[in-house]
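Examining the three-dimensional arrangement
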Amino acid sequence: MTTKKHRVLPGFGLSLGYSLVYLSLLVLIPLGGLIARSAQMSLAEFWAIATAERALAAYRVTFGCALLAAIVNAFFGLLVAWVLVRYDFWGKRFVDAFVDLPFALPTAVAGITLTTLYAANGWIGQYVEGVLGYKVAFAPPGIVVALIFIGIPFVVRTVQPVIEDIEPEVEEAAASLGATRAQTFVKVLLPTLFPALLTGFALSFSRAVGEYGSVIFIAGNMPMVSEITPLLIISKLEQYDVAGATVLAVVMLVISFVLLLGINLLQWWAANRHSGRHVDAGVQA
Amino acid sequence: MSAVRRVNSESRPVRWALLTLAFLFLFLFLGLPLLAVFAEALRQGFGPYAAALAEPDTLAAIRLTVVVALLVLPLNLVFGVAAAWAIAKFDFRGKSLLTTLIDLPFAVSPVVAGLLFILIFGRQGWFGPWLAEHDIKIIFALPGMIIATMFITVPYIARELIPLMQAQGKDEEEAAVSLGASGWQMFRRVSLPNIKWGLLYGVILANARAMGEFGAVSVVSGHVRGETNTLPLHVEILYNEYNSVGAFAAASVLGLLALVTLLAKTVVEWRMARETAMLNAELPPEKTDK
Amino acid sequence: MSIEVRNISKRFGNFVALDNISLEIPTGELVALLGPSGCGKTTLLRIIAGMESSDTGQVLFHGEEATHVHTRERRVGFVFQHYALFRHMTVFENVAFGLRVKPRAERPAEGEIRERVTRLLQLVQLDWLADRYPSQLSGGQRQRIALARALAVEPKVLLLDEPFGALDTQVRKELRRWLRRLHDEMHIASVFVTHDQEEALEVADRVVVMNKGRIEQLGTPDEVYSAPASPFVYRFLGNVNVFRNRVHGQWAEVDRAEQAGKDEALAFVRPHDIEIQRDASPGALSAGVLHVQAIGPLVRVEVEHQGEIFEVELTREQHQALALAAGETVWLRPRNLRVFQGDRMVSAQTFDLGAGI
């Protein structure tokens, strides 16, 4: 609703105008430019590049690993959030703050460190690879490990406030009606937490799909086997194949936007399901 | 201690199992990597570590990282405050669309973000020929790295401020205006003190991301040692040259940055929680006279 | 300084918040805007303050056009419903704010600011709280600081939005009396918004009863209570019994020609304006006593007439004289009665005690 005449508080035109110009120059026009560039080629050309064998393999690696990592994160993220809210232990505040490490640690640092840890002679790798014979670094499992690291805070920070908001009366009511603790968890708590858990899962997945820095060191980057889409975009750029890079970027962009839309819908749903309760999704990539 | 188990708690063995599992996970995936950064950096002792840090290229990379952050943060700070002011204090058509647009960079892969600016300023880009003609270098140079970092960190400050300013409402600002304050006086004396912790929180997060950004900057940087290498890019170069101590020494600086970030973030969160608690506290008992 | 509002209308989307409101408030008068939530009273107050702009109409201060004058220059003292104290400033700084933001040329010297703030804090009897922060104050203290802050700039009119809404009963009563005294000392026009009829009747010189964006009645507290201009005012200010023409013909009597209209004629009688008698008399309605309940100084009697329940209030003395018990049959007679058809008043009658209808 707009008022034709004056507004009491100053700065509306200035602040909105500045925001719009800034966003347009920095975000909208560049994104439009990417779409415009891809529109210069024919549909057949676009399709051929987008579905080339190496590209398809890259999508498979990217989305497969991201999905696996997001599933692991949904499970452990819920666990960590639960433990942080419900249990008292020494150093809890320290652990709570520490969960945000992946937000604060540059991805390149995470990349080289995880690689060193999981390499055949690394602290973890010497047992997993040396003893069990299972190769993590320089193979797809390494990508999953990096993506778990990157994504875990998303789930914890999304689920944690919802657990904090659960009123103890709900569980007491379930118990008074004869439910066991396990039944209470599955039938009462999990459905309450589900929207937040799904949102955290989607955020973690969305971040993992676009991730580059932490993955390239540990992945091994073998075309068709352990090459992620962002890396393929870069290698096309390095071969001066701007058109090819643009096509892959558009594909990733469309998928990201669909994910963003899905996440927004999820949050809307979660916020409206619990009437009036504010669900803070804590998106801070 | 009462013998009756609390209803809304798990049995002791289950509790211990869950705690152990959570700790094991956090240690393996977060604790061990952080330890490894410093362990690898100091693998050959303190001497080589200090020497690696004192490398001119490493120092140049640290300098460039700080320069980029110092240039990017004020711009995004002004944007964040402006956007939050418009969104939180006024009603207008398309407000939720604007809010979504601000979040957009979160959904874009850093590599794609870098590519966006190559398409505009690169040799084959829109302004490429014009820039080449006038001998202006944006891509593979500092301006490109700054623009890419700006893109990546656009949402951070705005996202912190919008919910905070919405929750505070506009009563205090209206009161200031009705008492005769000018726009600037109102903002500086009333609005700014109310959002200072949220602002600082956003700056801390944006700074961590700006200093640590790898993918987007990597695409638009020329990777010239000592010139267009930020610290994360320098880590990559050293690592790929099998200079493990050098790479991890540089990485340890970023690791320290992460620890400082976490500490500052926690302190600010604590301050903010204290302020909200103070505001939501029960009113003191009513006393109408002395 | 007087306030005048001429033909103000305001819509929010499809919702009509104010519908052609005109109002005049002379200097020295304390006026209450009274009405249920959503009646437009707060919107009107904000338009007078210049915090909201009207779609049409004018606001005049002291006869001068002020419609397009910015809030900053209107010199209104505005007290917000939730006080809107600056949470990061001490009580002293809150009150000093209006003085400190004055242009350099008009700004008083530091010593004078100090003196004026101290005086204001003494006026609201809270000078001992000068160094506290708003979060350390009780609701009533916050309210008084908000008022002191508004008065610091020597406003020409004082506007208060639900000034006592968030306080508990005891404090509210005390503050009401205090506001009244304060207003009388200031010689300015004051307007306050409230949804509490008791508050409006007790404090204000005149009451503006509002409903659905329109003024239902404007008058002294006594006028609006004892001579309500519409069924809404009757219902909003206190309890009322409604007698319907079709059922209780003789009470809500109107001309036949009038009765041909669509709306049924309704007679409104306050519970204390009904007399209970033991014996039948012309025009009296017979009723069965359902329930007798003593409430403080009054005794409330619930009576039933042809399936409808009415309330009668008696003084303790009247009740003792009558000695009513549930189950008895009695006769009701009105003392003061107004008949409405729709929103239009058809007749108003006052009857002498003991006289027949």
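Scroll up to find the structure this text is about.
Now for a quick tour of the structure. Computed from a predicted model, the values in this text were never measured in an experiment.

1. Let's talk about the interface of chain B and chain A
If you look at the interface, chain B gives 95 residues, while chain A gives 90 residues. Buried surface at the junction of chain B and chain A, summed over both partners, amounts to about 8,300 Å²; 78% is from carbon and sulfur atoms. Inspection of the region where chain B meets chain A yields 1 salt bridge. Where D100 of chain A meets K265 of chain B, a salt bridge forms, and the shortest distance between an N and an O atom there is 2.3 Å. On the surface where chain B and chain A come into contact, there are 7 residue pairs in polar contact (both at pLDDT 80 or more). If one sorts the elements of the side of chain B that touches chain A by residue count, helix α1 (residues 12–41) of chain B sits on top with 20 residues. Of the residues contributing to the side of chain B that touches chain A, the split by class is 67 nonpolar, 15 polar and 13 charged.

2. Concerning the packing of helix α3 (residues 56–89) of chain B against helix α7 (residues 142–168) of chain B
All names here are of chain B. It is at 6 Å that the axes of α3 and α7 come closest, and there the two elements cross at 35 degrees. Two packed elements cross with a definite hand, and for α3 against α7 that hand is right-handed. Along the lines of polarity and charge, the residues of the contact of α3 with α7 split into 22 nonpolar, 5 polar and 1 charged.

3. A few points about the sheet that holds strand β13 (residues 274–277) of chain C
Residue and element names in this part refer to chain C. Judged by pairing direction, the sheet is antiparallel, and its 5 strands sit side by side in the order β13-β17-β14-β15-β16 without closing on themselves. If you trace the sheet from one side to the other, it starts and ends with β13 and β16 (308–315), each paired once. In this sheet, adjacent strand axes meet at a mean angle of 45 degrees when their direction is disregarded. With 4 bridges joining them, strand β14 (residues 285–295) and strand β17 (residues 329–334) adopt antiparallel strand pairing. The partner of A287 across the bridge, within β17, is V330.

4. Focus on the side chain of T228 of chain B
Inspection of the secondary structure assignment puts T228 of chain B in the loop between α10 (215–220) and α11 (231–240). With near-sequence residues (within four places) excluded, T228 of chain B lies in contact with L64, F140, A141, L142, M145, S221, G222, H223 and L233 of chain B.

5. Describing the nonpolar core
One finds I3 and L159 of chain C to be the most contacted residues of the largest nonpolar core, which totals 226 residues. Broken down by element, the residue count for this core peaks at 16 residues, all from helix α3 (residues 53–86) of chain A. Excluding residues that lie within four positions of it along the chain, I3 of chain C makes contacts with L23, E24, I25, I48, L60, F61, V157, L159, A189 and V191 of chain C.

Scoring rules and cut-offs
Residues numbered from 1 in each chain as written. Chains lettered and ligands numbered in written order. Predicted model: local features only at pLDDT ≥ 70, side-chain atom pairs only at ≥ 80, totals over all residues. Heavy atoms only, no water. Contact = heavy atoms within 4.5 Å. Buried area = accessible area lost by both parts, 1.4 Å probe. Salt bridge = Lys/Arg side-chain N within 4 Å of Asp/Glu carboxyl O. Polar contact = N/O pair within 3.5 Å; in protein donor to acceptor, adjacent residues only side chain to side chain. Helix = DSSP H or I, 4+ residues; strand = E, 2+ residues; numbered from the N terminus. Nonpolar A, V, L, I, M, F, W, Y, C, P; charged D, E, K, R; others polar. Axes fitted to C-alpha atoms, helices over the stretch in contact; angles between N-to-C directions. Left-handed = near helix turned anticlockwise from the far one by under 90°. Pairing = 2+ DSSP bridges. Core = buried A, V, L, I, M, F, W, Y, C linked by side-chain atoms within 4.5 Å. Buried < 20%, exposed > 50% of the residue type's maximum accessible area, 1.4 Å probe, protein only.

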